[in-house]
Amino acid sequence: VRSIVVRPAAKSKGAGGRILTALIEEAEEHGIQSICLFTRIPDFFFKFGFRTVEDKAVLPDKIFKDCQSCPRLHRCDEITMVRGRIPSVSLLGPREEAEQLVRISG
C-alpha cells in the first residue's frame, strides 16, 4: 500500500477502512499473500489484520521503491507493518542478499 488519504471531514466515518478493505480484497483476488506498508497510525491498520515488523530491512523491495527518494530516509518516523507472510524472495534477489543491499545503501 503506497498511500491512503482521506479528507479531514471524512475521518472517523469509515472512508479509509472502505478503501483499505477494497485493496485487501483485490490483493486476495490476485493471490497476493503479503501486503506491506509504512505508517504513522498503526492502530488503524491493526483492525485489518496488519502487524508491526521490527526490522524494515525484511521488506527490501518496499524500501527500495518507496524510501530511496524520501527526504526522511535516514530519520524515518514510520512504523513498518505487514498483513500475511513476509516474502522470502524479493525482486532484488533472495531476502538475505536484498537486506544486505538495503543496509549498505541506507
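About the thresholds
- Residues numbered from 1 in each chain as written.
- Predicted model: local features only at pLDDT ≥ 70, side-chain atom pairs only at ≥ 80, totals over all residues.
- Heavy atoms only, no water.
- Helix = DSSP H or I, 4+ residues; strand = E, 2+ residues; numbered from the N terminus.
- Buried < 20%, exposed > 50% of the residue type's maximum accessible area, 1.4 Å probe, protein only.
- Areas by Shrake-Rupley, 256 points an atom, 1.4 Å probe, with all protein chains shown as cover.
- Pairing = 2+ DSSP bridges.
- Expected span 1.5 Å × (residues − 1).
- Contact = heavy atoms within 4.5 Å.
- Core = buried A, V, L, I, M, F, W, Y, C linked by side-chain atoms within 4.5 Å.
- Axes fitted to C-alpha atoms, helices over the stretch in contact; angles between N-to-C directions.
- Phe/Tyr/Trp six-rings, centres within 6.5 Å; stacked < 30°, edge-to-face > 60°.

**Student:** It is not clear to me how the overall build of the protein should be interpreted in this structure. Could you clarify?
**Tutor:** When its secondary structure is counted, the protein shows four helices and five strands. Ordered by position in the sequence, the α and β elements of the protein form the string α-β-α-β-α-β-β-β-α. By the burial criterion, 30% of the 106 residues in the protein qualify as buried. Working note: accessible area of the protein is about 7200 Å², and carbon and sulfur atoms make up 55% of it.

**Student:** How do you make sense of the pairing of strand 1 (residues 34-39) when you look at a structure like this?
**Tutor:** Two faces make up the sheet, and in a regular strand the side chains alternate between them. In terms of burial, strand 1 is a largely internal element, five of the six residues being buried. In terms of strand pairing, strand 1 meets strand 3 (residues 79-84) through six bridges, oriented antiparallel. Its bridge partner lying in strand 3, isoleucine 35 is registered against arginine 83.

**Student:** Just checking my understanding: could you explain helix 1 (residues 15-29) for this structure?
**Tutor:** Quick reminder: α-helices carry 3.6 residues per turn. Residues three or four places apart thus point the same way. Between its terminal C-alpha atoms helix 1 stretches 21 Å, which fits the 21 Å expected from 15 residues at 1.5 Å a residue. Turning to helix 1, its buried residues are Ala15, Gly16, Gly17, Leu20, Ile24 and Ala27. Looking at the buried residues of helix 1, the elements they touch are strand 1, helix 2 (42-46) and strand 3.

**Student:** Could you clarify how one ought to interpret unusual backbone geometry in this entry?
**Tutor:** Look at serine 12: it is not a glycine, yet its phi comes out positive at around 65°. Residue position: serine 12 is located in the segment before helix 1.

**Student:** Before we go on, may I ask you to explain the nonpolar core in this structure?
**Tutor:** Side chains of a nonpolar character, in soluble globular proteins, are inclined to be buried together. Residues Leu20, Ile24, Ala27, Ile35, Leu37, Phe45, Phe48, Phe50 and Met81 constitute the largest nonpolar core, which totals nine residues. Secondary structure elements with two or more residues in this core: helix 1 and strand 1. If you tally residues by element for this core, the top one is helix 1, at three residues. The next biggest cluster of nonpolar side chains, apart from the first, holds five residues, and it includes Cys36, Val58, Leu59 and Val82.

**Student:** Hey, could you run me through the sheet that holds strand 2 (residues 51-53) in this one?
**Tutor:** The strands making up a sheet are joined through hydrogen bonds of the backbone, oriented either antiparallel or parallel. Pairing is antiparallel across the open sheet formed by three strands, whose spatial order is 1-3-2. Looking at which strands have only one partner, the edges of the open sheet turn out to be strand 1 and strand 2. The mean inter-strand angle of the sheet, taken between neighbouring strand axes irrespective of direction, is 35°.

**Student:** It is not clear to me how the environment of leucine 73 should be interpreted in this structure. Could you clarify?
**Tutor:** The residue leucine 73 is located in the loop between helix 3 (60-66) and strand 3 in this model. Leucine 73 gets classed as partly exposed once you look at its relative accessible area, which sits at 25%. On a C-alpha basis, the gap between leucine 73 and isoleucine 63 in space is 9.2 Å, while along the polypeptide they are 10 residues apart. If we ignore the near neighbours within four places in the chain, the residues touching leucine 73 are Cys67 and Gln68.

**Student:** Honestly, the packing of aromatic side chains in this entry has me stumped. Any pointers?
**Tutor:** Any aromatic ring pair is given by two values, namely how distant the centres are and how the planes are angled relative to each other. Summed over the entire model, instances satisfying the criterion amount to three aromatic pairs. Seen from their ring centres, phenylalanine 44 and phenylalanine 45 are 4.9 Å apart, and the 90° between their planes marks the pair as edge-to-face. With a relative accessible area of 22%, phenylalanine 44 lands in the partly exposed category. When the ring of phenylalanine 45 is compared with that of phenylalanine 50, the centres are 5.7 Å apart and the planes differ by 80°; the resulting orientation is edge-to-face. Phenylalanine 50 shares its class with phenylalanine 45; the two are buried.

That is the geometry; function is a separate question.
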